[in-house]
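# An overview of the molecular structure
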Amino acid sequence: MPNRKKPVVVVTRKLPDSVETRMRELFDTRLNIDDTPMTPAALAEAMQEADVLVPTVTDRIDAHALGHAGERLKLIANFGNGVDNIDVGAALQRGITVTNTPGVLTEDTADMAMALILAVPRRLTEGAALMIGDKAWTGWTPTWMLGHRISGKRLGIIGMGRIGQAVARRARAFGVQIHYHNRRRVPGKIEEALEATWWESLDQMLARMDIISVNCPHTPATYHLLSARRLKMLQKGAYIVNTARGEIIDENALARMIETGEIAGAGLDVFEHEPAVNPKLMRLARSGKVVLLPHLGSATIEGRVDMGTKVIINIQTFMDGHRPPDRVLPSML
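The paragraphs below set out a description of the structure included in this document. All values reported here derive from a predicted model rather than from experimental measurement.

### Describing the sheet that holds strand β5 (residues 97–99)
Pairing in this open sheet of five strands is parallel, and the strands run β2-β1-β3-β4-β5 from one edge to the other. Of all the strands in the sheet, just β2 (28–30) and β5 have a single pairing partner and so form its edges. Averaged over neighbouring strand pairs, the angle between their axes works out to 20 degrees when direction is ignored.

Below is the structure:
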C-alpha cells in the first residue's frame, strides 16, 4: 500500500497518552477519548472507514464482524499479546493482516502470577482486609490465620513459553520445585537452568502438584483444558493460579470443588466471561478461599507503552510495504 497519504487508524480504546500522541503524529488517527467500549455497530462503522484497526481484548472481531469490514481495511494491529478476540483465519481470507504485541508483557504477567502464588496459600488478601475491616485486630496469636509454606512445594506450569519460563525463574528463587507441561519439550539448557521436570501427560502432572499456574494461550484446543475431569485429579491441598485466559478453566467446576474442599483455593486474574465474574467465585473470595483480581497482569505503565510502541512499528512496517514483525497466522495458534 503506498505511503503517500496518512492511513486512517481507528483505535477502539483509550491508550497511554504518549502512545496516542505518537500515533496522531504518524497517522490519521481516530481516538476513543472517553474509553467507552465500542458497540458492535460502532465497531462495524470503524471497520468501514479504517485502513488500520487497533482493537483490544475487549473487542470481539469474529467472522460476522469481519463481514462488515470495508475494502480499505487491510491491517488489524491488536493492542495485546493474545488474539483469541480475533478470527485470524477469517481475516486472512478477506486479505486482512493481523498483528499482536508479543514479548513486552512477559515480566509483568509473571510478576502477577508469582504474587498470586504467594497470596493464596499465605492468605494475604484475608489479612489485608482484616486490617481495614470493622473489627479491630486483637494481636498476634500462634495458631491464627495460618497458611502454607511456599518453599519446597511443587509448581506445575501449564504452558512453558516466555511467561511460563519467567514464572519458573521467580518461583525457583522461593525454593519451589518446577514442573511443566507444554506441547513441546523446551530445550535441555532451559530445563537445566530452571531445574524443571517435563511431563508429557498433563493428567499425570496435575495429580502430583501443590500449585498449578496457567500460562498457555487460549485457543480452541485449550478451551476448558482444565475441565471438571482434570480438576478432580488435583490433590485436595492444591491451589490454582490463572493469569492467562479465563476460558482455559471450567469456572463452575472449579468453584464447586473449592466450595466442597476438593481443591484448597485459587488466585484468578482472568475470567471465563469477562467482565462478568462467576457469582460462586465472588462468594468464595469473600470467604477467603479465592483471590480475585481485575485482569491486572499487564497493567503497568511500562508494559502498556511498550505495547503501543509495537503497534506503531507494526503499522509503519505494513504501510511501508513490508511484512510487520508481529504478524499472526492461523498456523501459529
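Let's pick the thread back up.
### Looking at the packing of helix α5 (residues 106–122) against helix α7 (residues 162–173)
At a closest axis distance of 8 Å, the pairing of α5 and α7 adopts a crossing angle of 50 degrees. Taken together, the axes of α5 and α7 are oblique relative to one another. For α5 against α7, the interelement crossing comes out right-handed. Contacts between α5 and α7 pair Thr106, Glu107, Thr109, Ala110, Asp111, Ala113, Met114 and Ile117 from the former with Arg162, Ile163, Ala166, Val167, Arg169, Arg170 and Ala171 from the latter.

### Topic: the pairing of strand β1 (residues 8–11)
Of the two faces of β1, both are covered, the one formed by Val8 and Val10 as well as the one formed by Val9 and Val11. Both β1 and β2 contribute to a ladder of three bridges, which runs parallel. Opposite Val10, over in β2, you have Arg30 as the bridge partner. Note on the crossover from β1 through helix α1 (residues 17–26) to β2: the handedness is right-handed. For β1 and strand β3 (residues 52–54), the ladder comprises three bridges, and the chain directions are parallel. When the bridges of β3 are listed, Val11 appears paired with Val54.

Calculation rules
- Here the residue index of a chain counts from 1 through its sequence in written order.
- Note on the predicted model: pLDDT of at least 70 is required for a residue's local features to be given, and 80 or more for side-chain atom pairs to be given and counted; whole-chain, interface and lining totals, by contrast, use all residues.
- Calculation of side-chain values draws on the structure's entire complement of heavy atoms; hydrogens and water are dropped beforehand.
- DSSP bridges decide pairing: two strands pair if at least two such bridges lie between them.
- A run of DSSP states H or I qualifies as a helix once it reaches four residues; a run of E qualifies as a strand once it reaches two. Both are numbered from the N-terminal end.
- Fitting a line to C-alpha atoms yields each axis, with helices limited to the stretch in contact; the angle taken between N-to-C directions then spans 0 to 180 degrees.
- Should an angle fall under 35 degrees it is called roughly parallel, over 145 degrees roughly antiparallel, and 65 to 115 degrees roughly perpendicular, with every other angle called oblique.
- Should the near helix be turned anticlockwise from the far one by less than a right angle, the crossing is termed left-handed; should it be turned clockwise, right-handed.
- Here, two residues are considered to be in contact whenever any of their heavy atoms come within 4.5 Å of each other.
- The buried label applies to any residue whose accessible area, calculated with a 1.4 Å probe on protein chains only, is under 20% of its type's maximum; exposed applies above 50%, and partly exposed to all values in between.
- Call a crossover right-handed when, viewed with both strands pointing away from you, the route from the first strand across the helix to the second goes clockwise.

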